[in-house]
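Listed below, chain by chain, are the residues.
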Amino acid sequence: MNIDSRAVVRTPEQPALRSGALQLKEVRKRFLFDQRELTVLTGLNLDVHPGEFLSIVGPSGCGKSTLLRLIAGLDDDYEGHIALDGSRVAGTSLERGLVFQDHRLFPWMTLEQNVAFALIRRDMSAAARDRLVREHIALVGLSGFEQAYPHQLSGGMSQRAAIARALVNEPKVLLLDEPFGALDALTRVHLQTELQRIWMSQGSTMIMITHDVDEALYLGDRVAVMQAHPGRIAHIVDVDLPHPRDRAAPLLHRLKDDILAELTATDAPRSEAVVPLTRRRSG
Amino acid sequence: MSAARIDEATLRRSVMVASPLAVLLAWQVLSAARVFPPEVLVSPQAVLAAFGQLTASGELARHLGESLQRLLWGFSIGSGAGLLFGLAAALSPTFARLFDPLFQALRQVPVLAFIPLLILLFGIDEVFKIVIIAKAAFFPTALSTLDGVRGVPKAWFEVARIYRTPLPSLVWRVLIPATVPAVLSGVRLSLTRAWLVLVAAELIVADSGIGQMMEMGRQMFRLDVVMVGVVVCGVIGFALDRGFVLLQARLLRWRAQPAGAAA
Ligand SMILES: Nc1ncnc2c1ncn2[C@@H]1O[C@H](COP(=O)(O)OP(=O)(O)O)[C@@H](O)[C@H]1O
Ligand SMILES: [Mg+2]
């Protein structure tokens, strides 16, 4: 039932039903590093549809984390335009949740306290807070571990807890930076299925960075392929399959081959990196 | 299975008391063999008898009370000041630059080297002793607080920013818990240092306290009294440290206990 309503939301005919539309226009990010300027992202355009699951893959160091930090508002120093539902992104906001690769749970707080920490700015009764926390712990399948400290949780459980903490504010957009990158293969597959279920039961737009092309295709409505030097989106692959998905779907395998071919052909981008640098110096 | 575990626990406990027992035995053998004159190497029995007398007369309790009171004051002042100093130096680069050379230099001077100067300044009253103890307690806490606050990972602050944590909550719920482990290990060192310095200072100048009791014993050639002081110093120091470790374990319940680290 959830699945059906989900499919309806994502048709272009009814885009206004759900908020969580993210727009990036000509985004450029430069770091000053050792007195030198390093262009990490340039000419980055992206439209993320409300309620969509967008996967981002790309070679290591191409600026994926940097991009996510800009969207999260952890770094405000960029050129171009980033807007959520029409308003420009400035600083962090409870509308934009972020899950880091390392779960970043506070070790001195229990699971329950960690999740409740996300609600620190929310004005609500203790009862309402407790209910929200309990619901989200249940959503990620950790009921019964409310009083556990992070050192008592496995890597997979910690990452589930981090997802619960990020979702408890019901953000419009959930950003996930290689959330399963540090987990073993089996746990990863399990959590991918769980994340798909969670996404289908929530209203959030999700943007997930991953270095695992299978994972990107299994979860993503679309997969954005990034290239490096400087970082940009090379192209976007539509994954035209309904959720929940079958990992064995032939389309997924065909698309995987295409994307891997693109990611491994890395000679061209290097020479391009010289162009913006020289252009800037002469101009 | 459970019998084996009990045996193991008993074994571990017996190992713990093995070295004190060995020392006691050697002491007994040496004194019984009269290797040294009995007035110099008093026998354990004589020390026990002196302990009984000093306890019955209330003398030991009075000296110990005086010492512990000084310890409490000196340690609290020194460690508290160290905490504030460490915080200020970690949070304000200007403060750190201003005081770092002085801090580093003073840190290298043994506490006892200040005694002549402090006697001239404060006489040999309580103030002098408390200043000496505070000086000893100041540095370990200051250093560990400085390192602890500076070492809080940027990652925690990012999580706090994501959830728009207000400053008071940031301090109470993130900064302080993240710093407490480092601070506590510094405070533990401060407590040990304070106790050592206290006894040493009382040996040199005091009109009461456990060190003074030992010094009087020495002057009157009552080495049984001196030995009572030595044993009491060791036991009290040990008990203070153990007590602190228990407190530490209680405050840091959330940390994974390394295997076999039970207090
Ligand atoms: N704070 C920073 N200062 C300077 N350079 C940075 C900083 N953060 C990231 N970079 C550089 O930006 C590039 C992209 O980093 P990142 O976004 O972490 O890549 P990815 O997540 O795709 O692996 C890297 O070359 C990295 O060295
Ligand atoms: Mg990254």
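For every chain, the first residue of the written sequence is number 1, and numbering continues from 1 along that sequence. Just so you know, chain letters begin at A and ligand numbers begin at 1, following the order they were written in. Since the coordinates come from a predicted model, pLDDT governs what is reported: local features require at least 70, and pairs of side-chain atoms require 80 or more to be given and counted, while whole-chain, interface and lining totals use all residues. The basis for the side-chain values is all heavy atoms of the structure; hydrogens and waters are excluded.

Moving on to the overall build of chain B. A count of helices and strands for chain B gives ten helices and zero strands. Secondary structure elements follow DSSP: runs of H or I of four or more residues count as helices, runs of E of two or more count as strands, with numbering from the N terminus. Tracing chain B from N to C terminus, the helices and strands come up as α-α-α-α-α-α-α-α-α-α. Atoms considered for the radius of gyration are the C-alpha atoms alone. The globule rule reads 2.2 Å times the number of residues to the power 0.38. For 263 residues, the compact-globule formula gives about 18 Å, and the C-alpha radius of gyration of chain B, at 23 Å, lies well above that figure. For chain B, the spread of C-alpha atoms along the principal axes amounts to about 75 × 65 × 30 Å. Relative to its full complement of 263 residues, chain B shows a buried share of 38%. As displayed, chain B has an accessible area near 15000 Å², and 71% of this comes from carbon and sulfur atoms. The classification of residues rests on relative accessible area computed with a 1.4 Å probe and restricted to protein chains. Under 20% of the type maximum is buried, over 50% is exposed, and intermediate values are partly exposed. All accessible areas in this document rest on Shrake-Rupley with a 1.4 Å probe, and a residue is counted as covered only by the protein chains that are shown.

Another point: the interface of chain B and chain A. Whether two residues are in contact is decided by their heavy atoms: any pair within 4.5 Å suffices. If you look at the interface, chain B gives 20 residues, while chain A gives 26 residues. Taking both partners together, chain B and chain A bury about 2300 Å²; carbon and sulfur atoms supply 64% of that area. Buried area is calculated as the accessible area (1.4 Å probe) missing from two parts once they are joined, with the contributions of both summed. Of all residues in chain B, the largest losses of buried area upon contact with chain A belong to Ile 162, Tyr 163 and Trp 254 of chain B, amounting jointly to 35% of the total for that side. The term salt bridge refers to a pairing of a side-chain nitrogen on Lys or Arg with a carboxyl oxygen on Asp or Glu at a separation within 4 Å. Summed over the shared surface of chain B and chain A, the result is two salt bridges. Residue Glu 158 of chain B pairs with Arg 104 of chain A through a salt bridge whose shortest N-O separation is 2.8 Å. Two N or O atoms count as a polar contact when they lie within 3.5 Å, although within protein this holds only if one can serve as hydrogen donor and the other as acceptor, and sequence-adjacent residues are included solely when both atoms are side-chain atoms. Our count for the chain B to chain A interface comes out at eight residue pairs in polar contact (both at pLDDT 80 or more). Counting residues per element, the ones that place at least two in the side of chain B that touches chain A are helix H7 (154–162) and helix H8 (167–204) of chain B. With seven residues, the single largest contributor to the side of chain B that touches chain A is H7 of chain B. The nonpolar class holds Ala, Val, Leu, Ile, Met, Phe, Trp, Tyr, Cys and Pro. Asp, Glu, Lys and Arg form the charged class, and all remaining residues, Gly among them, are polar. In the side of chain B that touches chain A, the residues fall into twelve nonpolar, two polar and six charged.

Sheet strands pair by backbone hydrogen bonding; their relative direction is either parallel or antiparallel. Residue and element names in this part refer to chain A. Here, a strand pair is defined by DSSP locating no fewer than two bridges between the strands. Strand order in the open sheet formed by four strands is E2-E1-E4-E5, and the pairing between neighbours is antiparallel. Looking at which strands have only one partner, the edges of the open sheet turn out to be strand E2 (36–48) and strand E5 (87–88). As judged from the five bridges shared by strand E1 (residues 22–33) and strand E4 (residues 79–84), these two strands associate in the antiparallel manner. Its bridge partner being in E4, Leu 22 is matched across the sheet by Leu 84.

Turning our eyes to something else, we now look at the sheet that holds strand E10 (residues 232–238) of chain A. All names here are of chain A. Across the sheet, which stays open at both edges, the six strands sit in the order E6-E7-E8-E3-E9-E10 with mixed pairing between neighbours. A strand with exactly one partner marks an edge of an open sheet, and here the two such strands are strand E6 (96–99) and E10. With direction set aside, neighbouring strand axes in the sheet form an average angle of 20°. Simply put, an axis is a line fit to the C-alpha atoms, just over the touching stretch for a helix, and the angle between two N-to-C directions goes from 0 to 180 degrees. Strands strand E3 (53–57), strand E9 (222–227) and E10 of the sheet are contacted by helix H8 (residues 250–264), whose axis makes an angle of about 15° with E9.

With that settled, the discussion passes to the confidence of the model for chain B. Here chain B averages 88 in pLDDT, and 95% of its residues register 70 or above. Note that pLDDT drops below 50 for residues 259–263 of chain B; the model gives that stretch three contacts with residues more than four away or on any other chain. pLDDT is defined as a per-residue confidence score from the predictor, taking values between 0 and 100.

Counted by the stated rule, this structure contains 24 salt bridges over all chains. A salt bridge links Glu 202 of chain B to Arg 70 of chain B, with the nearest nitrogen and oxygen atoms 2.5 Å apart. Of the two residues, Glu 202 of chain B sits in helix H8 while Arg 70 of chain B sits in helix H3 (residues 59–91), which places them 132 residues apart along the sequence. Both residues of the pair, Glu 202 of chain B and Arg 70 of chain B, count as buried. Each of the salt bridges in this network shares a partner with another, and the network as a whole consists of Arg 69, Asp 102 and Arg 104 of chain A together with Lys 154 and Glu 158 of chain B.

All names here are of chain B. In the contact formed by helix H6 (residues 126–150) and H8, the axes pass within 7 Å of each other and the chain directions differ by 165°. With respect to each other, H6 and H8 are oriented roughly antiparallel. Read as a crossing pair, H6 and H8 show a hand that is right-handed. Contacts between H6 and H8 pair Ile 132, Ile 133, Ala 136, Ala 137, Pro 140, Thr 141, Ser 144, Thr 145, Gly 148 and Val 149 from the former with Thr 179, Ala 182, Val 183, Gly 186, Val 187, Leu 189, Ser 190, Arg 193, Ala 194, Val 197, Leu 198 and Ala 201 from the latter. Here the residues of the contact of H6 with H8 sort into 14 nonpolar, seven polar and one charged. Orientation is classified from the angle alone, with under 35 degrees giving roughly parallel, over 145 giving roughly antiparallel, 65 to 115 giving roughly perpendicular, and any other angle giving oblique. Each helix crossing is assigned a hand: it is left-handed if the near helix lies turned anticlockwise from the far helix by less than a right angle, otherwise right-handed if that turn is clockwise.

What follows covers the site of ligand 1. All names here are of chain A. Near is defined per residue: the residue qualifies when any heavy atom it owns lies within 4 Å of the molecule or strand. Taken together, Phe 31, Phe 33, Val 40, Ser 60, Gly 61, Cys 62, Gly 63, Lys 64, Ser 65 and Thr 66 make up the full set of residues near ligand 1. Interatomic distance of 2.7 Å between a backbone N/O atom of Gly 61 and an oxygen atom of ligand 1. Compared with its free state, where it exposes 570 Å², ligand 1 has 61% of that area covered by protein. Of all elements in the fold, only E1 and helix H2 (64–72) reach the threshold of two or more residues within the shell around ligand 1. For the shell around ligand 1, the element with the most residues is H2, which contributes three residues. For the shell around ligand 1, the residue count by class is four nonpolar, five polar and one charged.

Moving on: the nonpolar core. Nonpolar cores were defined as sets of buried Ala, Val, Leu, Ile, Met, Phe, Trp, Tyr and Cys residues, with membership established by side-chain atoms within 4.5 Å. Residues Leu 24, Leu 44, Leu 195, Met 206 and Ile 207 of chain A together with Trp 195 and Ile 210 of chain B are the most contacted members of the largest nonpolar core, which totals 113 residues. For this core, the leading source of residues is H8 of chain B, giving eleven residues. When residues no more than four places from it in sequence are discounted, the contact partners of Met 206 of chain A are Glu 52, Phe 53, Leu 54, Leu 167, Leu 174, Leu 176, Leu 195, Ile 198 and Trp 199 of chain A.

Right, let's get into empty space enclosed by the protein. Space left empty within the atom packing is revealed by a probe, the size of a water molecule, rolled over the atoms. Residue and element names in this part refer to chain A. Method remark: on a 1 Å grid restricted to protein atoms, a set of points is classed as a cavity if a 1.4 Å probe fits but cannot get out and as a pocket if it is open with protein on both sides within 12 Å along at least five of seven lines; lining residues have an atom within 4 Å of a point. Grid points are joined across faces, edges and corners, and a volume is the space filled by probe spheres set on the points. All told, the structure shown has two cavities of 30 Å³ or more when counted by the stated rule. In this structure, the largest cavity occupies an estimated 40 Å³ of space. Lining the largest cavity, in full, are Val 140, Arg 160, Ile 163, Phe 180, Leu 191, Glu 194, Leu 195 and Ile 198. Of all the elements in the fold, those that place two or more residues in the lining of the largest cavity are helix H5 (155–167) and helix H6 (185–201).

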